[in-house]
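# Inside the fold
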Amino acid sequence: MADSIQQQLQQLVLLSDSVGTTAGAGTGLGELGGSGSVSTVEEAMEQLGPLIHSVYRANKQKLFRQQVDLFAQKKDAEIMKLCGNYHQEFVQSVAQLLKVRQNTSELQEKVVGLNAEVQRSGKSLYEKKAQLLGLRREQRNLQMATDAVKGCLEVMRMAASFDDQVSSKQYYAGIKTLGSLKDTCLPQVRQYSLGRMLEGAIPAMEAKLQAAAMRDVRDWFYDLKATTREIGRHLTARMHKKQQVWQDRDAGAQDRYYASSAVQFVLDEEFDNEEPVAIGMTPMYQGLHIYEKLGRRAEFRREFIEDRASQLSLILNAPVRFSLDQLGSFQQVLYDIIGFFIVEHQLIASAPDFRLRSDVDALWDTCIAMLSEIIARNVQEIKYDTSIRDALHSIWATFTYVMEENTYDVRKLRELMQAVLSEPEREGMRPDE
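What counts, and where the lines are drawn
- Residues numbered from 1 in each chain as written.
- Predicted model: local features only at pLDDT ≥ 70, side-chain atom pairs only at ≥ 80, totals over all residues.
- Heavy atoms only, no water.
- Core = buried A, V, L, I, M, F, W, Y, C linked by side-chain atoms within 4.5 Å.
- Buried < 20%, exposed > 50% of the residue type's maximum accessible area, 1.4 Å probe, protein only.
- Helix = DSSP H or I, 4+ residues; strand = E, 2+ residues; numbered from the N terminus.
- Contact = heavy atoms within 4.5 Å.
- Axes fitted to C-alpha atoms, helices over the stretch in contact; angles between N-to-C directions.
- Parallel < 35°, antiparallel > 145°, perpendicular 65-115°, else oblique.
- Salt bridge = Lys/Arg side-chain N within 4 Å of Asp/Glu carboxyl O.
- Nonpolar A, V, L, I, M, F, W, Y, C, P; charged D, E, K, R; others polar.

## Looking at the nonpolar core
Core analysis: the biggest nonpolar cluster contains 60 residues, and F330, I337, F341, W364 and L371 have the highest contact counts within it. Every element with two or more residues in this core is listed here: α5 (193–252), α7 (282–293), α8 (297–316), α9 (327–350), α10 (357–377), α12 (386–405) and α13 (411–420). With 12 residues, α9 is the largest single contributor of residues to this core. Each residue touching I337, except ones within four places of it in the same chain, is listed here: I315, L316, W364, C367, L371 and F399.

Have a look at this one:
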């Protein structure tokens, strides 16, 4: 009986093991395995029921308990044996797990430390990056400030250079500097107060250059006064020589014939090789150029016309006396007139778009009118003093020829001479007079 109970209990254990194995397989295989586990458990319970029933029928409960205890002891022994076989491996596994846990803790600590270090490094890098950006902004601001200062210094240098150039009469360089200052430098510093201040000073700088150029032109006018008198004296002496040649030419001719002054000028080949009178006009052309660059050519021309008219007026208003020993004063006036209009003649030839022939003709008409007034005021002294009349006749004839040679209309001069100084043909006069 005991052996039978042991066998049945062993079968239940095996069935229980198969139930666990089947249940594990069912858990891994899903729905199919699950249904198989339930049916196996029910089978085990069905076999256990008859066993317990037979034990109670046979009144062998005590024996059954003993067998169950014995069976449990046997299984405990088997478990202990099994555990004894794998205890060392279990201990080693646990030791390895503990070591892995310790290593994991140490690694975690290292990771935490590394993370903190990385955070500190990142914070330091961020601070250095922010500092670098700040330094770059400062560098950019400094560069901009340096460029601005350089631009302002260049403007100041050019402004100072302009003043020096004007003071040293380097007007061409000055007008170039002023143009560069206005067109190139000032636009770069216009946003600064210095640039705006200098931009406001540009008209004053232009006026300074303009005044300096006109001052030189007027100084040239003043110096030209002595030059024009020398020109008049030279051309008068030259005409005296021509008149002598004309007289000798007429005296040597077998037949008297009429020859106008224009023909005589053509025949005077020996005088053709003489160099023309040289007059330095650099200040005038320089002033004209500067005024043109400043856009004030019309203003320069107007001032030039007014100044030349004033100069002619000063020449013609010079005191003269028509006494025999003081005719030199009138001769000086004629010298000045000759030199004055020779300058005008050269101006017309060299700058016809600036000095118009009509302007010069107007001055010439004014000159003739004022000369007529001078003669009219002294006509009594001239007519009733033969020596004065003769001397004045020669002076006037030479003056007329000089002006005619330089393409001025002398018909009114001849008419005035015939009206006031009418006498029989005299030495040095042409037959057409």
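That was the structure; now back to the text.
## Concerning the environment of I382
Structurally, the position occupied by I382 is in helix α11 (residues 379–383). Residue I382 is classed as buried on the basis of its relative accessible area of 0%. Each C-alpha atom of the pair I382 and L324 lies 9.9 Å from the other, and the pair is 58 residues apart in sequence.

## What to know about the packing of α12 against α13
Between α12 and α13, whose axes approach to 10 Å, the crossing angle comes to 170°. One way to sum up the angle between α12 and α13 is to call them roughly antiparallel. For the pair α12 and α13, contact is made by R389, H393, W396, A397, F399, T400, Y401 and E404 and by L413, R414, L416, M417 and V420, respectively.

## Details of the side chain of T177
Looking at the secondary structure, you find T177 in helix α4 (residues 171–189). A residue is classified by how much of its surface remains accessible, and T177, at 11% relative accessible area, is buried.

## Details of the pattern of salt bridges
One pass over the full model with this rule turns up 20 salt bridges. For E405, the salt bridge goes to R238, with nearest N and O atoms at 3.4 Å. On the criterion of sequence distance, the pair formed by E405 in helix α12 and R238 in helix α5 is long-range, its members being 167 residues apart. A salt bridge links E292 to R297; the nearest nitrogen and oxygen atoms lie 2.0 Å apart. For E292, a relative accessible area of 37% translates into the label partly exposed.

## Overview of the packing of α10 against α13
Packing of α10 against α13 brings their axes to within 11 Å, and their N-to-C directions diverge by 10°. Regarding the angle of α10 to α13, the classification is roughly parallel. For the pair α10 and α13, contact is made by W364, I368, L371, S372 and I375 and by K412, L413, L416 and V420, respectively. Residues belonging to the contact of α10 with α13 are distributed by class as follows: seven nonpolar, one polar and one charged.

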